[in-house]
Amino acid sequence: MKRIVTHLSLFATTAILATGCVPVRHNLPSEQRMMEVGPGVGGPGPGVLGGPNPASAAMRGAVSVPQSLAMAASEPARGSVGDGEIGLVNFMQTAPPAAEGMAAVNATPPTLQVTFGNPDGMQVRYDATGSGGFDSEALVVPARQNFPQGGLYRIKLTSIPNREGVELYPTIELAYANPRTGAYLAHNSVPIQFTEEDFDQVLTGNFVTKVIYLPDPAFQGPALAGIDTLVSTRLDPGVDPIVEADRRGSILAIIRLGDKDVEMAGAGSDTVASMMAPRVAGLPAPYAPAMTDGCGNCQTAPMAAAPMPGVPVLQYAPHMSGTQMGGPGAGKLPLGQRGGLRKHAMRNHSAVNLP
Amino acid sequence: MPIAKTFTSSIVACLLAIFVSWSSTCTAAEPSDFLTHGNLHPVFRASNPPGMVGSARLMGQGPVVGYYQPVAITGPGSAHFALPAKGRMTASKPRLEAGFLIGSVYRFQITQIPGAIGVELFPTIEVIDRTYPPQHLATQYPIEVQLDEEDFLAAIDGQMVTRVIYLEDPQTAIPSVQTASTNRPFEVSEFQDPLAVADHYGRPVAIVRIGSLKPPSAAALLPEFFFDYPTWAPFPNTPSNHVPSEFEEQP
């Protein structure tokens with residue numbers, strides 16, 4: 001009996017010491033933690049249920065206006081001292097003619113602002129009507145001009161300082177905005193500059209490729225708190241400036257500069273046959289879509305082909321991954337044969353930075 | 001021998017008691033317990049396109065949809081601010097006060113910049129969360145956005161300035177009085193995400209992005225530039241916020 005009592009007392013004493021005699025409280029996590037998606041996926045910022053479509057962000061706010069009118073009139077008006085009436089500005093907005101209705105908004109292509117910054121006094125012309133010529137009013141450097149994203153544009157450079165009579169026809173290839181470059185392009189222009197070295201290289205028969213890109217944080221030096229430019233003539237032989245810029249960040253624009261006179265008779269100008277009319281009057285007309293990838297068509301899901309008699313329907317869904325690996329069937333690895341794919345590059349243009 | 005037996009039994013009892021007490025007090029470990037704060041994978045960054053973070057907040061919890069968050073924007077010296085109203089800018093004033101929808105992006109105009117008179121900037125503000133002020137005092141406690149002259153000059157120089165305004169965590173807030181005139185911003189390095197830093201110190205409520213983009217000359221591009229003119233609400237009974245007569249709402 002004594003032993004049992006001793007053991008029980010020891011058991012109770014040890015239990016009290018181990019627990020500290022403190023009642024355990026089960027509280028909910030903090031509000032900030034409750035708003036996070038889950039383990040491994042944290043902030044910053046408010047909790048999320050999934051990445052929204054950036055293009056519809058502004059649209060979402062506009063759609064929420066009507067149903068929020070009551071709250072709009074009540075919440076801020078609570079703080080008012082007077083009559084409490086509040087007038088909403090831009091409600092059912094009407095301002096510019098093109099802003100009326102969704103169709104007008106959707107018809108406007110996303111644009112990108114380009115700044116021609118160097119050399120001063122140089123004149124820049126572009127195709128403003130889709131005719132294939134350079135019929136715009138001359139932009140005198142420094143100047144700005146909006147270009148639709150995702151196009152290949154040819155411009156004409158004249159009145160180059162210290163190079164009288166020289167006319168050059170470089171092309172500018174503008175990429176689509178993606179989650180990494182969207183904020184920058186919404187607030188800053190893309191500076192396009194031509195240096196004396198560029199002109200010297202071109203006039204001696206060289207071909208100059210300049211790639212303007214927004215570097216990732218890992219490649220952004222302390223002194224370069226902005227965008228960077230890679231020039232083909234300054235890189236080591238064999239280094240592709242486009243590949244290198246794509247490795248370091250997100251490409252904004254590619255400038256190709258040569259000495260070809262595209263207005264010469266019989267020069268085989270590519271600015272005539274494939275010219276497309278500008279979607280917005282006054283904006284430069286592209287003569288080809290850009291080859292640099294972006295998120296211009298990221299939101300469109302692959303369309304399933306309509307069933308046709310005699311054609312077997314695929315029993316598996318088309319994959320949306322960027323790789324060609326995996327998934328049997330046509331267009332991929334033929335069954336029963338060795339795969340010939342040796343390399344596949346995947347580019348991360350998402351909002352998540354994966355260094 | 002009995003002593004040894006008693007001692008062994010006591011040891012066993014103690015171990016048993018420790019095991020029972022431990023099993024009763026421990027809780028299931030969360031997977032996130034094994035991740036440090038720095039190892040989290042952020043879904044959003046301050047470099048995301050404008051409107052992305054705020055629109056995601058609308059899908060979260062709380063009465064945020066349709067709420068016009070009062071915001072007051074001030075700047076250094078003679079800087080004046082104006083908002084677009086029906087395609088035109090309202091009268092500029094040194095203190096811009098308005099209610100902004102959470103999730104929408106508002107582009108406003110800055111003029112009379114100290115050190116750069118004649119230069120205009122068109123930054124954006126994105127309200128990504130709301131505050132919960134005392135009842136009837138919402139407009140007396142707006143989100144104070146104070147911009148610096150350094151921000152303006154850096155933007156004019158071609159850089160992009162991102163300023164994240166956050167509500168301090170009351171548990172870790174610096175115990176000093178903060179008024180409209182005492183601004184305590186701190187810069188983060190280029191390797192840090194300002195939204196993540198703000199999220200670490202509190203609750204981000206707004207993102208201001210300043211660049212040197214100019215309004216397009218083509219009228220068809222103005223809605224895109226101004227993010228489709230989202231609705232905003234001027235503070236009531238504030239003469240400085242009076243919308244010009246030509247902008248008055250039609251009945």
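As shown above, the structure is provided for reference.
To start, this report covers the structure provided alongside it. (Residues numbered from 1 in each chain as written. Chains lettered and ligands numbered in written order. Predicted model: local features only at pLDDT ≥ 70, side-chain atom pairs only at ≥ 80, totals over all residues. Heavy atoms only, no water.)

**Let's talk about the overall build of chain A**
Which entries qualify depends on this criterion: The way it works is that DSSP assigns letters per residue, a run of H or I at least four long becomes a helix, a run of E at least two long becomes a strand, and they are numbered from the N terminus. Each residue's exposure class comes from its accessible area (1.4 Å probe, protein chains only) as a fraction of the maximum for that residue type: buried when under 20%, exposed when over 50%, partly exposed otherwise.
Assigned secondary structure in chain A consists of eight helices and 12 strands. Residues classed as buried in chain A amount to 41% of the 355 residues present.

**Comments concerning the overall build of chain B**
Put simply, the rule reads: Note on contacts: a residue pair is in contact if any heavy atoms of the two residues lie within 4.5 Å. Using a 1.4 Å probe, the Shrake-Rupley method yields the accessible areas, and only the shown protein chains count as cover for residues.
Of regular secondary structure, chain B possesses five helices and 12 strands. Among the 251 residues that make up chain B, the fraction classed as buried is 49%. Here the analysis covers contacts within chain B between residues at least 6 apart in sequence; of these, 72% occur between residues at least 24 apart. Carbon and sulfur atoms make up 60% of the accessible area of chain B, which totals about 11700 Å².

**Observations concerning the pairing of strand β1 (residues 111–118) of chain A**
All names here are of chain A. Selection criterion: When DSSP finds two or more bridges between a pair of strands, those strands are recorded as paired.
Most of β1 sits out of view: six of its eight residues are buried. Pairing geometry for β1 and strand β4 (residues 143–148), over six bridges, is antiparallel. Bridge pairing links Phe 116 to Ala 143 in β4. Two elements, β1 and strand β8 (residues 190–193), share four bridges in a ladder whose sense is parallel. Each bridged residue has a counterpart across the sheet, and for Val 114 the counterpart in β8 is Val 190.

**Quick look at the nonpolar core**
All names here are of chain B. To keep it simple, the criterion reads: Here, nonpolar core refers to any group of buried Ala, Val, Leu, Ile, Met, Phe, Trp, Tyr and Cys residues whose side-chain atoms link them within 4.5 Å.
In terms of nonpolar packing, the biggest core is built from 40 residues, with Ile 73, Phe 100 and Leu 147 touching the most fellow members. Of all elements in the fold, only β1 (68–74), β5 (95–101), β8 (124–127), β9 (143–146), α3 (149–156), β10 (161–168), β11 (202–210) and β12 (232–234) reach the threshold of two or more residues within this core. In this view, Ile 73 contacts Phe 81, Pro 94, Arg 95, Leu 96, Phe 100, Phe 108, Ile 125, Val 145 and Leu 147; residues no more than four positions away in its chain are not counted.

**Considering the sheet that holds strand β6 (residues 156–158) of chain A**
Residues and elements named next belong to chain A. Pairing is antiparallel in the open sheet, where three strands are placed in the order β3-β2-β6. Edge positions in the sheet fall to β3 (139–140) and β6, since each has one partner strand and no second. Here three bridges tie strand β2 (residues 123–125) to β6, and the two strands are oriented antiparallel to one another. In the sheet register, Arg 125 faces β6, and the bridge partner there is Lys 156.

**Quick look at the environment of Asn 348 of chain A**
You can see Asn 348 of chain A is positioned in the segment after β12 (288–289). In the structure, Asn 348 of chain A is positioned 98 residues away from Ser 250 of chain A in sequence and 9.2 Å away in space, judged by C-alpha atoms.

**Let's talk about the packing of aromatic side chains**
Basically, it comes down to this: Any pair of Phe, Tyr and Trp rings, taking the six-membered ring for Trp, is counted once the centres come within 6.5 Å. Such a pair is stacked with planes under 30 degrees apart, edge-to-face with planes over 60 apart, and tilted for the rest. Counted as over-ring charges are cases with an Arg CZ or a Lys NZ within 6 Å of the ring centre that also lie within 35 degrees of the ring normal.
The full count for this structure, using the stated rule, is 11 aromatic pairs over all chains. Aromatic side chains Phe 134 of chain A and Tyr 169 of chain A sit 5.5 Å apart centroid to centroid with 45 degrees between the ring planes, which places their arrangement in the tilted category. In this pair, Phe 134 of chain A is assigned in the loop between β2 and β3 and Tyr 169 of chain A in the loop between β6 and β7 (171–174), connecting sequence segments 35 residues apart. Accessibility assignment for this pair places Phe 134 of chain A and Tyr 169 of chain A in one class, buried. Between Phe 81 of chain B and Phe 108 of chain B, the aromatic rings sit 6.2 Å apart at their centres with planes inclined by 55 degrees, giving tilted as the arrangement. One end of the pair, Phe 81 of chain B, is in strand β2 (residues 80–82); the other, Phe 108 of chain B, is in the loop between β6 (105–107) and β7 (109–111), and 27 residues separate them in sequence. Through successive ring pairs, a cluster of aromatic residues spans Phe 116, Tyr 126, Phe 147 and Tyr 153 of chain A. Cation over ring: Arg 107 of chain B sits above Phe 225 of chain B, and NZ or CZ is 4.1 Å from the ring centre.

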